[in-house]
Amino acid sequence: MFARLLPSKKTLRGHSDSSFRGEGYIQCCVGVRLCDMYQELAEIHFMYERGYFETAMEMNNGNLYVRWMDNTAVTMISTSCGTQEITHVKKFSQKRNVMVPKTKLVAKYNSYMYGTDQIEQKLSCYHIGIWGKKMVLAIGYLFIRCCHAEQLDHWLATPPWKKSIAQKPKEGKAGWPNLWRHGKNKANDLKIGTWNVLSLYRPGALKVLTDQLLKYKVDVTAIQEMRWMGNGVIDKKECVIFYSCHPNKHQFGTGFIVRKEVKHLILNFNPINERISVLRIKGKFFNCSLINVHAPTEMKPNEEKDTFYALLERAFDSCPSSDIKMVLGDLNAQVGKEEIYYPTIGKYSLHDSSNDNGQRLIEFATSRGMVIGGTFYCHKAIHKGTWKMPDGNVVNQIDHMVIDKRHKKCLLDIRNRRGA
């Protein structure tokens with residue numbers, strides 16, 4: 001038995017001359033008749049309905065070619081078996097079972113292949129395509145000269161979970177976040193958050209903050225308004241703190257708090273100024289550059305806003321082009337649902353119209369091929385707001401996560417946590 005292993009007449013004739021006998025199928029163009037492919041073939045009988053077949057015999061060595069019309073045209077070849085007798089096989093077609101004529105050659109080949117259903121049952125757990133399954137059995141039969149038939153039958157009859165030649169695919173390497181995940185293995189997810197804490201320049205504020213982050217199991221948190229001075233790294237028992245603050249004043253300040261479990265994934269930290277800092281993380285398939293920002297408020301002059309976004313563009317362009325780039329933090333931007341900004345924004349924003357900061361953010365995202373992630377996930381309104389006025393009557397969505405459009409699938413969900 002062979003499958004797609006004898007693609008030419010020359011190879012087939014060599015095996016036939018050496019008394020190699022078997023049946024199998026060959027790969028050829030469906031739209032080409034056998035008489036066009038092999039000029040020496042005779043007695044062509046061609047029919048077009050499902051179950052009909054055409055046969056051809058090579059005159060000098062007796063090799064038989066059969067093209068059987070099933071869902072697609074299948075070309076079989078044999079050095080020992082003919083077409084008689086004609087049997088029927090049950091097929092499922094157009095929501096009903098039909099009996100399709102089948103030649104002896106096709107039936108014998110299927111018996112060698114142990115039937116398609118049995119092959120799929122034996123090898124489906126290895127995620128191999130149908131051609132791969134047939135190729136595995138074909139390779140097994142190629143070793144028939146160097147192993148006994150009993151050993152080969154034992155290999156075919158052994159359940160797949162008892163075989164040592166193939167194993168189920170393992171999960172990702174422990175400790176490496178899968179930033180391009182399609183399954184449901186949440187253990188390899190990387191939880192990223194952003195939080196404007198108003199101030200960490202007061203006694204006990206850092207302890208309260210770290211306890212809350214450990215409670216929600218956030219791996220990396222972008223912090224705004226730390227209100228420390230200078231920049232640096234603080235290594236604590238539960239986490240590592242990276243901060244970039246004003247050199248002389250307790251004003252603004254951005255940074256990151258990273259859990260100990262993912263500390264080994266940190267590649268570098270770039271403190272730009274008190275409003276922008278960059279943290280680079282190693283991922284399973286792509287590295288990730290997180291740009292933590294604290295944008296000027298809506299009432300600030302346009303010159304200050306222009307300066308901020310010019311610096312943000314330089315920070316973004318300095319990140320490696322192959323990285324997953326994400327801009328996150330307090331952008332003080334209300335993003336609406338205007339259709340003219342699709343697909344940079346989604347239709348699930350908390351606000352109906354964008355303010356000036358929102359339009360600036362959309363322009364920046366559009367110019368860099370990014371999307372505003374929080375507007376693409378449908379949640380209740382109470383799970384979208386990120387800032388509330390002291391009187392509690394007005395809630396705004398001004399904190400955002402902006403990511404590369406080509407890496408949008410990396411975002412699994414975005415929502416707020418009101419209990420923190």
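Residues numbered from 1 in each chain as written. Predicted model: local features only at pLDDT ≥ 70, side-chain atom pairs only at ≥ 80, totals over all residues. Heavy atoms only, no water.

In the annotation of an unreviewed UniProt entry, the entry for the chain reads Endonuclease/exonuclease/phosphatase domain-containing protein, and the organism field reads Periplaneta americana.

> Help me get a handle on the nonpolar core, residues and values and all.
Within the largest apolar cluster, 25 residues are counted, with the highest numbers of intra-cluster contacts made by Phe242, Phe256, Val258, Leu279, Ile281 and Leu290. Of all the secondary-structure elements, those providing two or more residues to this core are β10 (220-224), β12 (239-244), β13 (254-259), β14 (266-271), β15 (276-281), β16 (288-294), β17 (324-330) and β21 (399-404). Those residues in contact with Leu290, other than ones at most four positions away along the chain, are Ile192, Val220, Phe256, Ser277, Val278, Leu279, Ile281, Met326 and Leu328. (Core = buried A, V, L, I, M, F, W, Y, C linked by side-chain atoms within 4.5 Å. Buried < 20%, exposed > 50% of the residue type's maximum accessible area, 1.4 Å probe, protein only. Helix = DSSP H or I, 4+ residues; strand = E, 2+ residues; numbered from the N terminus. Contact = heavy atoms within 4.5 Å.)

> Please set out the sheet that holds strand β9 (residues 192-196) residue by residue, giving values where relevant.
Within the open sheet, the five strands sit side by side as β9-β10-β13-β12-β11. Their pairing is mixed. Pairing within the sheet leaves two strands with one partner each, and these edge strands are β9 and β11 (231-235). The mean angle between the axes of side-by-side strands here comes to 15 degrees, regardless of whether they run parallel or antiparallel. When β10 meets β13, the two strands line up antiparallel, connected through five bridges. When the bridges of β13 are listed, Val220 appears paired with Val258. Relative to the sheet, helix α7 (residues 205-216) contacts β9, β10, β12 and β13, its axis offset from that of β9 by approximately 150 degrees. (Pairing = 2+ DSSP bridges. Axes fitted to C-alpha atoms, helices over the stretch in contact; angles between N-to-C directions.)

> How would you summarise the pattern of salt bridges if you had to cite specific residues and measurements?
In this structure the tally under the stated criterion is 15 salt bridges. Between Lys260 and Asp235 there is a salt bridge, and its shortest N-O distance comes to 2.6 Å. Of this pair, Lys260 sits in the loop between β13 and β14 while Asp235 sits in strand β11, and the two are 25 residues apart along the sequence. Residue classification places Lys260 among the partly exposed residues on the basis of a relative accessible area of 30%. (Salt bridge = Lys/Arg side-chain N within 4 Å of Asp/Glu carboxyl O.)

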